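# Summary of the model geometry
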Amino acid sequence: MISAKRMRALEINSEALGVPTLLLMENAGRSVRDEIIKRFDPEGLKVKVFVGHGGKGGDGLVTARHLAGDGAEVEVFLFGENKHKDAVLNLNVIEEMDYSVKVTEVKDISQLSPVQTDVLIDAMLGTGFSGKPREPFATAIKVFNESKGFKVSIDVPSGVDPDTGGALGEYVNPDLIVTFHDLKPGLQRFSEKTVVKKIGIPKEAEIYVGPGDLVINIRKRDYRAKKGDNGRVLIIGGSYTFSGAPTLSALAALRTGADLVYVASPEETARVIAGFSPDLISIKLKGKNISKENLEELRPWIDRADVVVIGPGMGMEPETVEASRVIVDYLKSLNKPAVIDADALKANAERELYPNAVITPHAGEFKIFFGEAVKESIRERVKQVIDAAKRCKCTVLLKGYVDVISNGSEFRLNKTGNPALAIGGTGDTLTGIVATFMAQKVNPYTSAYMGVFVNSLAGSIAYQKLGEHLVATDIVDHIPEVLNNPVEAFKNKVYKRIIKD
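Notes on the structure in this doc start here. Note that this is a predicted model, so its numbers are computed, not measured.

Quick look at the pattern of salt bridges now. In total, this model carries 30 salt bridges according to the counting rule given. Between Glu-296 and Arg-299 there is a salt bridge; the shortest N-O distance is 2.8 Å. On the criterion of helical spacing, the pair formed by Glu-296 and Arg-299 is a turn pair, its members being three residues apart in helix H10 (residues 295-304). The exposure class assigned to Glu-296 is exposed, which follows from its relative accessible area of 54%. A relative accessible area of 27% means that Arg-299 is categorised as partly exposed. For the salt bridge of Asp-387 with Arg-391, the shortest nitrogen-to-oxygen distance reads 3.3 Å. Remark: Arg-391 and Asp-387 occur in helix H14 (residues 378-392); sequence separation between them is four residues, near one turn of the helix.

What follows is the structure, encoded as structure tokens:
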């Protein structure tokens, strides 16, 4: 089954892949016509189509056009102005079909009364609807139900929530539902009346992360939001040797939209990190490297944070390896959303984690953590990562020329990157992006595949401008371009790759 939000993402992803939503609408309307003529001879068939706003109204207009072409006597009732770009194109066609289609614009509900006809088509309220139908649709649904004839609902019955099947007011009670691509959860109670029709959405729109995944999941800041509402990210990392990695993670987290980003590092390293940006909150931990003795200092910060990143630049000193394990155990005891990366990932090799954790290994780290080399074939990698995620009980994001992401039951692929992303620091920016989505209450698996899409696409925008000369901070600079308009950012990507294995 597929939720309304997920269906919307697939439509956007399809268009980004080159399958326009106008074609999907054409296929949807044509499939409704096909189901009707399976049951009725179209020649002289009397058909009334109730057309509402949005894409469902457009589907109904396509159905009306095809049935009229088959010889049916079609009347279309229009309820208000439809501003959906594809529906408007189909309405323009219907208005030109004034010999074979009668168009009635309903300007007042007093115009409505039950009709007697052969077929009634419900193209009023679609998967974007929730709540209680308002006028003119409340009356239109009531009149539709009281009319005589075989009743067909497009996609979902008007007035029914596509995800829950609930109805807070009037709803269409059809004889047949023609839904698209996959069954919506709310249609289970209508299962004996429902047929599912494919409309040309490519499999790749589901498998590859696309701009639609961002469009449906990125939340807008509430007008009344206060500091902290959009995420508090704690990054535990850095060492006497390394200060850049945790800084890159922190800067990426801020650019992705976290309200507050704390970086906890050994005291000398923390002073260096504080000098990078006044936007970062630097927490100075006692000692030259992070050790298990720092846990007591870290507890209140961990408890306060919405998500914790551990690993960037921590190093592999024996005391730090021990600290990584102790801190991860504490995170696990809290079921704290966390991204376990880099040195902390290596320090916790072959340990069972927990569902609120994400790990982001490259091929070498994957071998260290799971004890096996990464397969060459992408299809074999998919199976390998799914199995690995089951074993560690967490989300696994395997970085590569094609990224593979799985939570143990589902998987997604990402191929929006470019070869220049092999430079140092790009994994650290990825970690900060994923962490911010998790801090904003996006589930770990979705955060992981959205995060790698944003990181790679920001890198590809930088690659377009700088070629082989980009650095990790260029990714940070281009994150807003991806988040502000993911569809346009995806269209402008410059590097393509084809899976042949």
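Right, let's get into helix H16 (residues 444-466). Compared with the 33 Å implied by 1.5 Å per residue over 23 residues, the 32 Å span of H16 between its first and last C-alpha is a close match. Of all 23 residues in H16, 20 are buried, a share of seventy percent or more. For H16, the side-chain oxygen to backbone nitrogen distance between the N-cap and Tyr-445 is 3.1 Å, and the N-cap itself is Asn-443. Positioned one or two residues after H16, Gly-467 has a phi angle of 65°, which is positive.

Quick look at the sheet that holds strand E1 (residues 46-51) now. Across the sheet, seven strands lie side by side as E3-E2-E1-E4-E5-E6-E7; this open sheet has parallel pairing. With partners counted over all chains shown, the strands left at the sheet margins are strand E3 (101-106) and strand E7 (194-197), one partner each. Ignoring strand direction, the axes of neighbouring strands in this sheet form an average angle of 20°. Of the strand pairs in this sheet, strand E2 (residues 73-79) and E3 are connected by six bridges, and their pairing is parallel. Looking at the pairing, Val-76 lines up with Val-103 of E3.

Mapped onto the secondary structure, Ile-218 falls in the loop between helix H7 (211-217) and strand E8 (232-236). Take Ile-218: its relative accessible area is 27%, and that puts it in the partly exposed class. Distance from Ile-218 to Gln-188, taken between C-alpha atoms, is 29 Å for residues 30 residues apart in sequence. Not counting residues up to four positions away in its chain, the partners in contact with Ile-218 are Phe-437, Met-450 and Leu-483.

In this structure, Lys-151 sits in strand E5 (residues 148-154). Take Lys-151: its relative accessible area is 9%, and that puts it in the buried class. Excluding residues that lie within four positions of it along the chain, Lys-151 makes contacts with Leu-120, Phe-144, Asn-145, Asn-173, Pro-174, Asp-175 and Leu-176. A polar contact is formed between the side chain of Lys-151 and the backbone oxygen of Ser-147, at a distance of 2.7 Å.

A few words on the side chain of Asp-306. By secondary structure assignment, the location of Asp-306 is in the loop between H10 and strand E11 (307-310). At 2.7 Å, the side chain of Asp-306 and the backbone nitrogen of Arg-232 are in polar contact. Here the side chain of Asp-306 touches Lys-441 through a polar contact of 3.3 Å, side chain to side chain. Beyond its immediate stretch of four places on either side in the chain, Asp-306 contacts Gly-228, Gly-231, Arg-232, Lys-336, Pro-337, Ala-439 and Lys-441.

So, how was this worked out
Residues numbered from 1 in each chain as written. Predicted model: local features only at pLDDT ≥ 70, side-chain atom pairs only at ≥ 80, totals over all residues. Heavy atoms only, no water. Salt bridge = Lys/Arg side-chain N within 4 Å of Asp/Glu carboxyl O. Helix = DSSP H or I, 4+ residues; strand = E, 2+ residues; numbered from the N terminus. Buried < 20%, exposed > 50% of the residue type's maximum accessible area, 1.4 Å probe, protein only. Expected span 1.5 Å × (residues − 1). Polar contact = N/O pair within 3.5 Å; in protein donor to acceptor, adjacent residues only side chain to side chain. Pairing = 2+ DSSP bridges. Axes fitted to C-alpha atoms, helices over the stretch in contact; angles between N-to-C directions. Contact = heavy atoms within 4.5 Å.

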